[in-house]
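Given next are the chains, with one letter for each unit.
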Amino acid sequence: MEALVHGILLAFGLILPLGVQNVFIFNQGATHKKFSEAVPAVVTAGICDTLLISMAVAGVSVIVFNFGWIRNLFFLIGFLFLAYMGWSIWKSAGDGVRNDAQASFSAKRQVIFAASVSLLNPHAILDTIGVIGTASLVYVGSEKWLFTLACITVSWIWFFSLAVAGRRVGQFSQKGIFLKRLNQVSAFIVWGMAIYMGFQILTYI
């Protein structure tokens, strides 16, 4: 029971802060006319988090990130992608009307973007390794599996809840004005994370 509660509280503590992944999932819920249309982003984010948490608990990710060149490569790719993603979100805000097909991401685009903001976000990956991976070391056997399952379950529940919340908020913006502002704010958040990664690259060089 201790491992279960620990996993739930730790996962919530890590996933609650506003980040690129959360912003993207919320946006997809808000910009689509039906919740089901945002499911590809939610499922992709859930699968990616499941993979990262499992790797962190297994210790695989720690070994990988011991190689400095791999860490720097992740930061560089993350910087370039987030800069592009910020531009894409800003461009979609310029489309103005929510019902315009260009203002919403297709299922394929959702999968690509959700996977990218999850797997190409070195800051989030390092947090997962440093916090969840380290915390799991105190458990063995069934308790470790219970801890891991708790962290993964929280991620899935959180992503679905974010998309639902986004859908509810989007319903209040009949003229698309709120969603346009939301996308603009989201773009600045994404660019802010890209700049942060840029500084990290300079730090490790």
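Residues numbered from 1 in each chain as written. Predicted model: local features only at pLDDT ≥ 70, side-chain atom pairs only at ≥ 80, totals over all residues. Heavy atoms only, no water.

## With respect to the overall build of the protein chain
Okay, so step 1: In terms of regular secondary structure, the protein chain is built from nine helices and zero strands.
Okay, so step 2: Start at the N end of the protein chain and walk to the C end: the helices and strands fall as α-α-α-α-α-α-α-α-α.
Okay, so step 3: Accessible surface computed for the protein chain: about 10,400 Å², of which carbon and sulfur atoms make up 72%. (Helix = DSSP H or I, 4+ residues; strand = E, 2+ residues; numbered from the N terminus. Areas by Shrake-Rupley, 256 points an atom, 1.4 Å probe, with all protein chains shown as cover.)

## What about the nonpolar core?
Okay, so step 1: One finds Val20, Phe24, Ile25, Leu82, Met85 and Phe159 to be the most contacted residues of the largest nonpolar core, which totals 28 residues.
Okay, so step 2: Secondary structure elements with two or more residues in this core: α2 (20–31), α3 (39–58), α5 (68–94), α6 (107–119), α8 (142–171) and α9 (177–204).
Okay, so step 3: Here this core takes six residues from α9, the largest share from any one element.
Okay, so step 4: Those residues in contact with leucine 82 that sit more than four places away from it in its chain are Val20, Val117, Val190, Trp191, Met193, Ala194 and Met197.
Okay, so step 5: In terms of nonpolar packing, the next biggest core, distinct from the first, is built from twelve residues, Ile53, Ala135, Tyr139 and Cys151 among them. (Core = buried A, V, L, I, M, F, W, Y, C linked by side-chain atoms within 4.5 Å. Buried < 20%, exposed > 50% of the residue type's maximum accessible area, 1.4 Å probe, protein only. Contact = heavy atoms within 4.5 Å.)

## Looking at the side chain of serine 118
Okay, so step 1: Secondary-structure assignment places serine 118 in helix α6.
Okay, so step 2: Reaching out from serine 118, the side chain makes a polar contact with the backbone oxygen of alanine 114 at a distance of 2.8 Å.
Okay, so step 3: Residues in contact with serine 118, not counting those within four places in the same chain, are Gln21, Ala45, Cys48, Leu52 and Ile125. (Polar contact = N/O pair within 3.5 Å; in protein donor to acceptor, adjacent residues only side chain to side chain.)

## Concerning α6
Okay, so step 1: The end-to-end C-alpha separation of α6 is 18 Å, in line with the 18 Å expected for 13 residues at 1.5 Å each.
Okay, so step 2: Taken together, the buried positions of α6 are occupied by Gln110, Phe113, Ala114, Ser116, Val117 and Ser118. (Expected span 1.5 Å × (residues − 1).)

## Comments concerning the packing of α2 against α8
Okay, so step 1: For the pair α2 and α8, the least separation of the axes is 6 Å and the interaxial angle reads 45 degrees. The angle between α2 and α8 falls in the class oblique. In the crossing of α2 with α8, the sense of the turn from one axis to the other is right-handed. Mapping the contact onto sequence places Gln21, Asn22, Ile25, Phe26, Gly29 and Ala30 in α2 and Trp158, Phe159, Leu162, Ala163, Ala165, Gly166, Arg167, Val169 and Gly170 in α8. (Axes fitted to C-alpha atoms, helices over the stretch in contact; angles between N-to-C directions. Parallel < 35°, antiparallel > 145°, perpendicular 65-115°, else oblique. Left-handed = near helix turned anticlockwise from the far one by under 90°.)

Everything listed is a geometric property; what it means functionally is a separate question.
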